[in-house]
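The residues making up each chain are set out below.
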Amino acid sequence: IYVCAEGSDELAKRLDAWDAMKSADGVSYQNGLPIYVVPHAVVLSQASQKQELIDKIMGVVERDLNGATPVAVFIDTLARCSDGDENSTEDMSLFVAAADGLRTRLNGPAVISVHHTPKSNPEDMRGASALRGALNSAICLSLRGAGTQEEQCILMRCDKQKDLPSFPDQALARVQVQLPYCNYY
């Protein structure tokens, strides 16, 4: 399940690019990889919005997944799916509690929240320490190397791992996928 609260107007292009790169490996959303998109923000700490999301997901579970629960719910981004101040311990504790409630109601999927770093320190996480303290894992993506953004690699680094050993840093290549212009305009 992907709550796409930021950049949903470009999501079709991203999914088509994924398919163009991964369909040969049998990992294609157009050929059965179950990905379900909520194309707007859902404020998790507002009970009515959280319940509406749970109801939609349970409908998908019954209709399309034969009762199998989702393995992950992606919240993109924390800032768009929270109605509080990310610097407030109280507000971030409400967000964490709401995410925990979502996980419990959906029988245990991973709840993965995309969150931005501060411009002053791209190696850190924005906001209250309560958020970081509640995480099981934190993975940081940052640009590395010289040149333009397109020429730099993306470094994936384990910033926090609660109950397991940290994984080694991984350098990821940025790949641009050419898509047919006519499909989107």
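Here the structure is a predicted model, which is why all the values come from computation and not from measurement. (Residues numbered from 1 in each chain as written. Predicted model: local features only at pLDDT ≥ 70, side-chain atom pairs only at ≥ 80, totals over all residues. Heavy atoms only, no water.)

This paragraph deals with the environment of Lys56. Structurally, Lys56 is set in helix H2 (residues 47-64). Residues Lys56 and Val38 lie 18 residues apart in sequence; the distance between their C-alpha atoms is 9.2 Å. (Helix = DSSP H or I, 4+ residues; strand = E, 2+ residues; numbered from the N terminus.)

Here we take up the packing of aromatic side chains. For any pair of aromatic rings, geometry is given as the distance between the ring centres together with the angle between the planes. One pass over the structure, following the stated rule, counts zero aromatic pairs. Taking the ring centre of Trp18 as reference, the NZ or CZ of Lys22 above it sits at 5.7 Å. (Phe/Tyr/Trp six-rings, centres within 6.5 Å; stacked < 30°, edge-to-face > 60°. Lys NZ or Arg CZ within 6 Å of the ring centre and 35° of its normal.)

Hydrogen bonds between backbone groups are what pair the strands of a sheet, and the pairing can be parallel or antiparallel. The strand order E5-E6-E7 describes an open sheet built from three strands, whose pairing is antiparallel. If you trace the sheet from one side to the other, it starts and ends with strand E5 (137-144) and strand E7 (170-172), each paired once. Ignoring strand direction, the axes of neighbouring strands in this sheet form an average angle of 30°. Where E5 lies against strand E6 (residues 153-161), eight bridges are found, and the strand directions are antiparallel. Residue pairing for E6: Arg144 is matched across the bridge by Cys153. (Pairing = 2+ DSSP bridges. Axes fitted to C-alpha atoms, helices over the stretch in contact; angles between N-to-C directions.)

What follows concerns the environment of Ser142. Tracing the backbone shows Ser142 in strand E5. Distance in space between the C-alpha atoms of Ser142 and Ser120 is 13 Å, their sequence separation being 22 residues. Residue contacts for Ser142: discarding those within four places in its chain leaves Glu123, Cys153, Ile154 and Leu155. A polar contact is formed between the side chain of Ser142 and the side chain of Arg144, at a distance of 3.1 Å. (Contact = heavy atoms within 4.5 Å. Polar contact = N/O pair within 3.5 Å; in protein donor to acceptor, adjacent residues only side chain to side chain.)

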